[in-house]
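# Notes for the structure review
Spelled out from the first residue to the last, the chains are:
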Amino acid sequence: MNDNQSSGVELKNVVMKFGEHTVLHNIDLIIQPGSLTTLLGPSGCGKTTILRLIAGLELPTSGQVFLGDEDVSVLSASQRDVGMVFQSYALFPHMTVGENVGYGLKMMGIVPNERTERIKESLDSVGLDGYQSRFIDQLSGGQQQRVALARALVLKPKVMLFDEPLSNLDSKLRRQMREDIRRLQQELAVTAVYVTHDQDEALAVSDEVVVMKEGGIAQQGSPKHLYLNPDSKFVATFMGDANIVEGEVSNVGGESKIKIGDIEIAADSSEHYADGKTQIAIRPEALSLIRSTTEPSLQGKVLSRAYIGASTEYRVKVNGNELFLISPTGSEEFEIGDEVHVLITPPGISPIPD
Ligand SMILES: Nc1ncnc2c1ncn2[C@@H]1O[C@H](COP(=O)(O)OP(=O)(O)OP(=O)(O)O)[C@@H](O)[C@H]1O
Ligand SMILES: [Mg+2]
């Protein structure tokens, strides 16, 4: 359906100020053509502002915005080939589904026959062909969001922007819609920038995740890379749960080792860490409990346990620290007060220098 070549997006040294308030600090961001990149971060960190800068709804205070090779920094929204889907569907309630989807085509002067054809094709791609003559208030929330998606796709944009498109939907529908958005994005090979503050959603749909903090980029990478190799406490704790413990890194003969208590672990060989004492983030799945062992382990006592179906969550007191871990159902079970040994097994063990 998309005959256009999709464009990458680049922000070069973008600063955005509203009055005295700087909301984006020197953002350098590259979004690959045809990828789905998610901006993830707490409320107010600047996610929507970045989308609005890409769409041309705001112009940067300084710096440049590129769509493909073209510097669009000073072009208005109507001069950019960008589609947008918002949290509130922003549909026209007094128009039918077909009229809503065809509105942009009509503005562009596309003749009625072609319009009808493209509306049909676009509604079909979101599973709503046949709904053309319904009014918006005769649709469910999920269907309305699909109409909003069809309305953006029908214009065959080079870049699609999604600003928390699923936050008004219930959790089951969210999962279905996020899969549909991902499937369509891949089928059309359109570049998509997706904003959410739901980390599960970010991990599930993205090629690339950009974690933002206070108007800057904390870390960018694939979902798996960010989950397994966060480089700050902020990213480690924003993307999932992490135990933060004291440890030490030593580099010997080109290999990095991480020492936690008596346990020595080979660090992820694709990363380089500086020598010395540091904090270490450990994912709950990297920890396991055993009653007795001769292997190096941390000794502790079970403080709490919670059975949650597929797994059991434990809190264990180790050297005055509390560790949180997740044990798959089927593995040995422990009671509150049990003396245990904690083993640490990669992946999911990352030095976080800050
Ligand atoms: N038009 C504006 N005028 C003044 N300040 C603004 C304007 N738009 C956004 N801001 C401020 O810029 C900062 C970033 O806002 P933005 O909407 O980009 O955050 P966000 O990451 O999308 O947050 P949320 O998750 O709550 O949607 C906030 O402090 C906000 O108050
Ligand atoms: Mg926002």
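Small disclaimer: the values here were computed from a predicted structure and weren't measured. (Residues numbered from 1 in each chain as written. Chains lettered and ligands numbered in written order. Predicted model: local features only at pLDDT ≥ 70, side-chain atom pairs only at ≥ 80, totals over all residues.)

## A word on the overall build of the protein
A tally of regular secondary structure across the protein gives 8 helices and 20 strands. Taking the principal axes of its C-alpha atoms as reference, the protein extends roughly 80 × 45 × 35 Å. For the protein, with 354 residues in total, the buried portion stands at 37%. (Helix = DSSP H or I, 4+ residues; strand = E, 2+ residues; numbered from the N terminus. Buried ≥ 20, exposed ≤ 12 C-beta atoms within 10 Å, placed from the backbone.)

## Some words on the domain arrangement of the protein
The assigned domain composition of the protein is domain 1 (9-228) and domain 2 (241-352). Of note, the centres of domain 1 and domain 2, computed from C-alpha atoms alone, are 39 Å apart. (Domains from an automatic or database assignment.)

## Notes on the site of ligand 1
Around ligand 1, the surrounding shell consists of F18, H21, V23, G41, S43, G44, C45, G46, K47, T48, T49 and H197. Broken down by element, the shell around ligand 1 gets its largest block of residues, 3 residues, from helix α1 (residues 47-55). Here the residues of the shell around ligand 1 are counted per class, giving 3 nonpolar, 8 polar and 1 charged. (Near = placed C-beta within 6 Å. Nonpolar A, V, L, I, M, F, W, Y, C, P; charged D, E, K, R; others polar.)

## Focus: α1
For α1, the tally of buried residues reaches 8 of 9 residues, placing the bulk of the element in the interior. The set of residues buried in α1 consists of K47, T48, T49, I50, L51, L53, I54 and A55. Of the residues one or two after α1, G56 is the one with positive phi, at around 90 degrees.

## Let's talk about the environment of M177
Note on placement: M177 falls in helix α5 (residues 171-188). Accessibility expressed as a C-beta count within 10 Å gives 20 for M177, which makes it buried. Residues in contact with M177, not counting those within four places in the same chain, are G142, Q145, L166 and L169. (Contact = placed C-beta atoms within 7 Å.)

## Details of unusual backbone geometry
Note the cis peptide between P346 and P347, where omega equals 0 degrees. Inspection of the secondary structure assignment puts P347 in the loop between β19 (339-344) and β20 (349-352). Positive phi, close to 50 degrees, is recorded for K156, a residue that is not glycine. Here K156 lies in the loop between α4 (141-153) and β7 (159-163). The partly exposed category is assigned to K156, around which 17 C-beta atoms lie within 10 Å. The backbone phi angle of N319 is positive, close to 45 degrees, even though this residue is not glycine.

## Looking at the pairing of strand β14 (residues 276-282)
Inspection of the sheet shows strand β11 (residues 243-252) paired to β14 by 7 bridges, in the antiparallel sense. By the bridge assignment, E246 is partnered in β14 with Q279. Across 4 bridges, β14 lies against β20 in antiparallel orientation. The residue of β20 that forms the bridge with Q279 is I352. (Pairing = 2+ DSSP bridges.)

## Section: the sheet that holds strand β6 (residues 82-85)
In space, the 6 strands of this open sheet follow the order β6-β7-β8-β3-β9-β10, with mixed pairing throughout. The strands lining the two open edges of the sheet, one partner per strand, are β6 and β10 (216-221). Across this sheet, the average inter-strand angle for adjacent strands is 20 degrees, counted without regard to direction. Here 5 bridges tie β7 to strand β8 (residues 191-196), and the two strands are oriented parallel to one another. Within β8, the residue paired with V159 across the bridge is T191. The strands touched by α1 are β3 (36-40), β6, β7, β8 and β9 (208-213); relative to β7, the strand with the most contacts, the crossing angle is about 155 degrees. (Axes fitted to C-alpha atoms, helices over the stretch in contact; angles between N-to-C directions.)

## Considering the environment of V101
One can find V101 in helix α2 (residues 97-107). Separated by 46 residues in the primary sequence, V101 and V147 have C-alpha atoms spaced 6.9 Å apart. What V101 contacts, discounting residues up to four positions off in sequence, is I119, S122, L123, V147, A150, R151 and V154.

## A short note on the sheet that holds β20
The sheet built from 5 strands is open, its strands ordered β13-β12-β11-β14-β20 with antiparallel pairing. With partners counted over all chains shown, the strands left at the sheet margins are β13 (263-266) and β20, one partner each. Direction aside, the axes of adjacent strands within the sheet are offset by 40 degrees on average. Note: β11 against strand β12 (residues 255-260), 5 bridges, orientation antiparallel.

## Some points on the packing of α2 against helix α3 (residues 112-125)
Contact geometry for α2 and α3: axes closest at 9 Å, N-to-C directions at 125 degrees. Looking at the two axes, α2 sits oblique to α3. Judged by the twist between their axes, the crossing of α2 over α3 is right-handed. On the side of α2, the interface is formed by G98, V101, G102, L105 and K106, while α3 contributes R115, R118, I119, S122 and L123. Of the residues belonging to the contact of α2 with α3, the class tally is 4 nonpolar, 3 polar and 3 charged. (Parallel < 35°, antiparallel > 145°, perpendicular 65-115°, else oblique. Left-handed = near helix turned anticlockwise from the far one by under 90°.)

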